[in-house]
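Analysis of the macromolecular model
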Amino acid sequence: MNFTKCQLLSFTFILFLTLLFFVGVFYICNGGQCLGQFDTRISSTADFDAFVNGRLIPHQFNESDLNKLRKLDLEGEDVFVYIHIQKTGGSSFGKHLVHNLDIYPPCMCFEDKKKCECFTKNKRIWLVSRHSTGWICGLHADWTEYNDCVDEWFKKNDVNSRKRRRYHFISFMRNPVDRFLSEWQHVQRGATWRGVRLHCNGRSATIEEVPFCYTTDNWKGVSFEEFVSCKHNLAFNRITRMLADLSKVNCYNSSDLDPREVENTLLQSAKDNLLSLAFLGLLEYQRATQFLFERTFGINFIVNFEQRRRTHVNRIAVTDEMRAKVIETNRLDIYVYQFAKDLFLQRVKTMEKLLGYTVDEYFDHIRNMEKEKRRDDVELFEDESTQDAEEKALEWYPSKTKKKPV
């Protein structure tokens, strides 16, 4: 076959562009580890710039990542596992789960106990959280600890009720700058979380791997400058670490690994695990969070969530320099938050499209209509004592606390 001079030039030019592309991928992926990391790193850099400028860049998600609609059978195999990330508003959400879910039988809470008893009619545990089972896998257990521990715990403590379990991991998140500042304030008031196990690959982290940032019993009164100066401070990029599989970077002893490789691995792992979560809520979107939970699982809350206008962080004087320091030292959390925020908002839009109505329409009309219908259906069969019990249950919220019978 004879080629013209023009065809040869075109072929040579195309070959040159192809080689240039692969050379670029090789360089950006630090030795050509994988093409998948190419898109992730470009997106992460763009996410960081967008966060600084108050914007959000859309990501490409699969349908399975966005549509998490599922029918639960809490008497069957289904169990919620709540990953509670510190200072994200997670305690309030955790209390909603035990005090505010319209579920029968409801969790029973007692004045002299920190934990509530959350069982199905057949005495099966349906929720793993601080306020129900307690910290069965360690104080503020992360994704790594729960995946290593939760099934083993059930095999030992729930032997007779189920042969198999299907775990639905759920979590709650917050703007990482506000979260970090809130943690600083919390530690400044005397909190330490000294009891965390930091368990990974069959053992807990040693004091040499994760030294304390203080020498006394706590870090009460710590200044912002001291707080951000301790390189071992677990507040840095806490969201990323809580959601990632830490075994991929040799847990808390990654000194022999390339720091850049460790960060990229943690980031990608946290994003992958975010996609696998059955539910993710955001502090800044209380109404949409409630809508997404109720419509995803088919379980309603009794009292609607409230969006607080002010938090403890709003009451402290934060300078531009302080905010810039938090942003710089929590880059991974910013990448993850931007990814998670877009995932959350796209999940909400997907649910709205699937159901044919918006979040506002749901709360303004649909939810009340469904509530009235359920009430009408119940009234066909209930007697006066059932009505009294239902009214009494509503009075329990938000504490739903009773004195333990003697």
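Going by the structure above, here's the rest.
Residues numbered from 1 in each chain as written. Predicted model: local features only at pLDDT ≥ 70, side-chain atom pairs only at ≥ 80, totals over all residues. Heavy atoms only, no water.

1. Quick notes on the overall build of the protein chain
For the protein chain, the helix and strand inventory stands at 14 helices and eight strands. The buried share of the protein chain, reckoned over its 406 residues, is 46%. Long-range pairs, those at least 24 residues apart, make up 74% of the contacts in the protein chain with a sequence separation of at least 6. (Helix = DSSP H or I, 4+ residues; strand = E, 2+ residues; numbered from the N terminus. Buried < 20%, exposed > 50% of the residue type's maximum accessible area, 1.4 Å probe, protein only. Contact = heavy atoms within 4.5 Å.)

2. Overview of the packing of aromatic side chains
Summed over all chains, the structure comprises 27 aromatic pairs. Arranged with centres 4.9 Å apart and planes meeting at 65°, the rings of F293 and F297 form a pair that is edge-to-face. One end of the pair is F293 and the other is F297, both in helix α10 (residues 286-297) and four residues apart, which spans about a single turn. Summarising the burial analysis for this pair, F293 and F297 share the class buried. Members of the aromatic cluster, connected to one another through ring pairs, are F80, Y82, F93, W126, F172, F279, F293, F297, F301 and F305. The ring of F212 has R194 sitting right over it, with the charged end atom 4.6 Å from the ring centre. Residue placement shows R331 over the ring face of F48; its charged tip is 3.7 Å from the ring centre. (Phe/Tyr/Trp six-rings, centres within 6.5 Å; stacked < 30°, edge-to-face > 60°. Lys NZ or Arg CZ within 6 Å of the ring centre and 35° of its normal.)

3. Remarks on the environment of C251
Along the chain, C251 turns up in the loop between α8 (238-243) and α9 (259-276). Sequence separation between C251 and H199 is 52 residues; the distance between their C-alpha atoms is 8.4 Å. Filtering out sequence-adjacent residues up to four positions away, C251 remains in contact with C200, N201 and L246.

4. Some thoughts on the nonpolar core
Residues M173 and L274 are the most contacted members of the largest nonpolar core, which totals 104 residues. Examining the composition of this core, we find that 11 residues originate from one element, helix α12 (residues 331-355), more than from any other. Contacts of L274, omitting those with residues within four sequence positions, involve M173, L243, L280, V336, F339, A340, L343 and R347. (Core = buried A, V, L, I, M, F, W, Y, C linked by side-chain atoms within 4.5 Å.)

5. Section: the environment of R331
Here R331 is to be found in helix α12. Counting along the chain gives 95 residues from R331 to F236, while the straight-line C-alpha distance between them is 9.0 Å. Excluding its chain neighbours within four sequence positions, the residues that come into contact with R331 are F48 and N237. Of note is the side chain of R331, whose polar atom sits 3.3 Å from the side chain of E328. (Polar contact = N/O pair within 3.5 Å; in protein donor to acceptor, adjacent residues only side chain to side chain.)

6. Considerations on the pattern of salt bridges
Counted by the stated rule, this structure contains 15 salt bridges. E209 serves as the salt-bridge partner of R203, at 2.6 Å between the closest nitrogen and oxygen. R203 sits in the partly exposed class, given a relative accessible area of 39%. (Salt bridge = Lys/Arg side-chain N within 4 Å of Asp/Glu carboxyl O.)

7. Topic: the state of the cysteines
Taken as a whole and assessed by the stated rule, the structure comprises five disulfides. Covalent S-S linkage joins C137 and C149, the inter-sulfur distance amounting to 2.0 Å. In this structure the cystine formed by C137 and C149 twists about its S-S bond by roughly -85°; its chirality is therefore left-handed. Residue C137 is found in the loop between β3 (127-128) and α5 (143-157), and its partner C149 is found in helix α5; the two are separated by 12 residues along the sequence. The side chain of C200 participates in a disulfide bridge whose partner is C251; the two sulfur atoms lie 2.0 Å from each other. Between C200 and C251, the disulfide has an S-S torsion of -70° and is therefore left-handed. (Disulfide = S-S within 2.5 Å.)

8. Comments concerning α5
One full turn of an α-helix is made of 3.6 residues, so residues set three or four places apart face in the same direction. With 15 residues, α5 should cover 21 Å at 1.5 Å per step; its first-to-last C-alpha distance of 20 Å lies within 8% of that length. If you check which residues of α5 are buried, you get W143, T144, E145, Y146, C149, V150, W153 and F154. With a side-chain oxygen lying 3.2 Å from the backbone nitrogen of T144, the N-terminal cap of α5 falls on D142. (Expected span 1.5 Å × (residues − 1).)

9. Some points on a positive patch on the surface
A surface patch of like charges, here positive, comprises K95, K114, R130, R308, R310 and R315. Within the secondary structure, K95 sits in helix α4 (residues 90-99). With relative accessibility at 44%, the residue K95 sits in the partly exposed group. (Patch = residues over 30% accessible without salt bridge, like charges linked within 9 Å, V, L, I, M, F, W, Y side chains within 5 Å. Areas by Shrake-Rupley, 256 points an atom, 1.4 Å probe, with all protein chains shown as cover. Lys, Arg positive; Asp, Glu negative; His and termini not counted. Charge placed at Lys NZ, Arg CZ, Asp CG, Glu CD.)

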